[in-house]
Amino acid sequence: MSWEAIITISENYIGGRILGKTACEDMCFSANSFTCSTGPVRNPNDETRASGGSSSGSAALVAGGHIDLAIGGDQAGSVRVPSSWCGIVGLKPTYGLVPYTGAMPMEFTVDHLGPMAKTVFDCALMLEAIAGYDDGLDPRQHPGMEVPKYTQMLSKDLTGLKVGILQEGFSDCDVEVDKCVKEAVNKFAKAGAVVEEVSMPLHVKAGQALGPALFEGSYLTMIHDLGSAINYNGFYPNSMINAWAKGLQSRAQDCSVVVKAVSLMCAYMRKNYHQKFYGKAQNVKRYIRQQYNEVLQKYDVLVMPTVKFPAPLLPEKSDSLKGSSSCFILGYY
C-alpha cells in the first residue's frame, strides 16, 4: 500500500510546494543538534552553535531563508527548542489537533506534529492547513473537532487579556534570556493586556514526570518493539515500520551515543522495575495537568522562556564523552 503523511497531503491541498525532507537528530533522541547521521546541524545565526533538536534541520532551513515553512515532531521540545535557538516561530499544538497519521511514532501519549515558520502569521496559516480531523486514522481526534481561522485571530484587541508570568518557569534562567522574555511580555501590557506574576508549584515537577514516560515509552515503541506502536487503534505505516526494524536490527551499532545511552538505561529500568516509574509518571501527569488547568481558569495565557539559556556551542570532534556531563551526552536542555 502506498501512503503519505496526512500533513503533507494537507499542504499540497492548499497549494504549498514541498521541496524535500529536512535532517533531524538520530531517531529524534536529542534536543541538541550533534547527533544527526549526516553530521551536526549548525545554527545559521552562528555556525559554531547548536540549532537545537530534534527537528534541527527544519529550524535551520527556515532561519537560513531556504524554505518558508517546515514541519517538526515534538515530544519533549523538538519543535520549540530549535525554533527558540534559531530565532523562528514554532508551535507544539494541542494534543490531537494535528493528526499524527503517517509519522514515525515515539510515545503515543506525547507525540505531536507542529508548524515552524519565520513569522507568527505564517505559523498560524500552516496550522490552519494541517490541523483537523483525518477520518478516524488518528484515534486521538474527535469527529466533531473544528479548526478556526487562526490568522484572523491575530489582529484581535488584547484589552483585558490576562497574561500570567509563570514564576517557576524563570528559575535558574540565564540573565539575558530572562530580560528578553520579560521585555517581550511588557508589550502585552502596552497593548492593553493585564500582566501579573503567577505561581504553580507543580511546574518544577513536570520535567521529572515527563522523563520516565518519554524515555521508557520511546524505548518500548522504537527499540524494543522496533517502531510499532502496539495497542494503537489507528493507521499503521507498515512499510516504514518494516524498514525501520530491518535497519535497527542490522545496524544498531550506528545509533548515536544518545540512543545507546537511553536504550541501556531503559532496558535496565524495564528489567528491574517493570515499567513502575512509567506508570507513576503517567499518573502524576494527571495532577500536574489539573493544576495547569486551574491556573488557566484565571489567565488566558501563561508566559515563560522556551529554553532557559541560549544556544550552546557544538561539541568538537576531540571532545571526550568521558569528561562530559550526562546532560551533554544525552543532549538535554
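These numbers come from a predicted model, not from an experiment.

K.L.:
I tried to follow the nonpolar core on my own but got confused; where do I start?
P.N.:
Within soluble globular proteins, side chains that are nonpolar generally end up buried alongside one another. In terms of nonpolar packing, the biggest core is built from 14 residues, with Met27, Phe29, Met222, Ile223, Val259 and Val262 touching the most fellow members. Residue assignment for this core shows that the elements contributing at least two residues are α7 (203-224) and α9 (257-273). When residues of this core are assigned to their parent elements, the largest contribution, five residues, is made by α7. Leave out the neighbours within four places in its chain, and Val259 touches Asp26, Met27, Phe29 and Ile223. By size, the runner-up hydrophobic cluster in this structure holds eleven residues, among which are Ala103, Ile130, Ala131 and Tyr150.

K.L.:
Would you mind showing me how to read a nonpolar patch on the surface here?
P.N.:
A contiguous nonpolar patch, built from Val120, Phe121, Leu125 and Leu154 and spanning about 350 Å² of accessible area, is present on the exposed surface. Inspection of the secondary structure assignment puts Phe121 in helix α4 (residues 120-130). With a relative accessible area of 44%, Phe121 lands in the partly exposed category.

K.L.:
Would you take a moment to explain the sheet that holds strand β3 (residues 69-73) for this structure?
P.N.:
With antiparallel pairing, three strands are arranged side by side in an open sheet as β3-β5-β4. Looking at which strands have only one partner, the edges of the open sheet turn out to be β3 and β4 (89-90). Of the pairings in the sheet, the one linking β3 to strand β5 (residues 113-117) comprises five bridges and is antiparallel in character. Note that in β5 the partner of Leu69 across the bridge is Ala117. Contacts from α4 reach β3, β4 and β5 within the one sheet, and its direction differs from that of β5 by about 145°.

K.L.:
Just to check I follow, could you spell out the state of the cysteines for this structure?
P.N.:
As used in these notes, a disulfide is a covalent bond between sulfur atoms, one from each of two cysteines. Applying the stated criterion to the full structure yields zero disulfides. As a non-bridged cysteine, Cys24 has Cys28 as the owner of its nearest cysteine sulfur, 4.0 Å distant. We classify Cys24 as partly exposed; its relative accessible area is 33%.

K.L.:
Sorry if this is basic, but what is going on with the sheet that holds strand β6 (residues 162-166) here?
P.N.:
Hydrogen bonds along the backbone pair up the strands of a sheet, which may run parallel or antiparallel. The parallel open sheet is built from three strands, whose spatial order is β7-β6-β8. Across the chains shown, the open sheet's two edge strands, defined by having one partner strand only, are β7 (194-198) and β8 (301-303). Pairs of neighbouring strands in the sheet enclose a mean axial angle of 30°, with direction left out of account. Bridging between β6 and β7 involves five bridges; their strand directions are parallel. Bridge pairing in β7 places Lys162 opposite Val194. Sheet strands touched by helix α6 (residues 175-190): β6, β7 and β8. Its angle to β7, the strand with the most contacts, is close to 140°.

Rules used in this analysis
- Residues numbered from 1 in each chain as written.
- Predicted model: local features only at pLDDT ≥ 70, side-chain atom pairs only at ≥ 80, totals over all residues.
- Heavy atoms only, no water.
- Core = buried A, V, L, I, M, F, W, Y, C linked by side-chain atoms within 4.5 Å.
- Buried < 20%, exposed > 50% of the residue type's maximum accessible area, 1.4 Å probe, protein only.
- Helix = DSSP H or I, 4+ residues; strand = E, 2+ residues; numbered from the N terminus.
- Contact = heavy atoms within 4.5 Å.
- Patch = residues over 30% accessible without salt bridge, like charges linked within 9 Å, V, L, I, M, F, W, Y side chains within 5 Å.
- Areas by Shrake-Rupley, 256 points an atom, 1.4 Å probe, with all protein chains shown as cover.
- Salt bridge = Lys/Arg side-chain N within 4 Å of Asp/Glu carboxyl O.
- Pairing = 2+ DSSP bridges.
- Axes fitted to C-alpha atoms, helices over the stretch in contact; angles between N-to-C directions.
- Disulfide = S-S within 2.5 Å.

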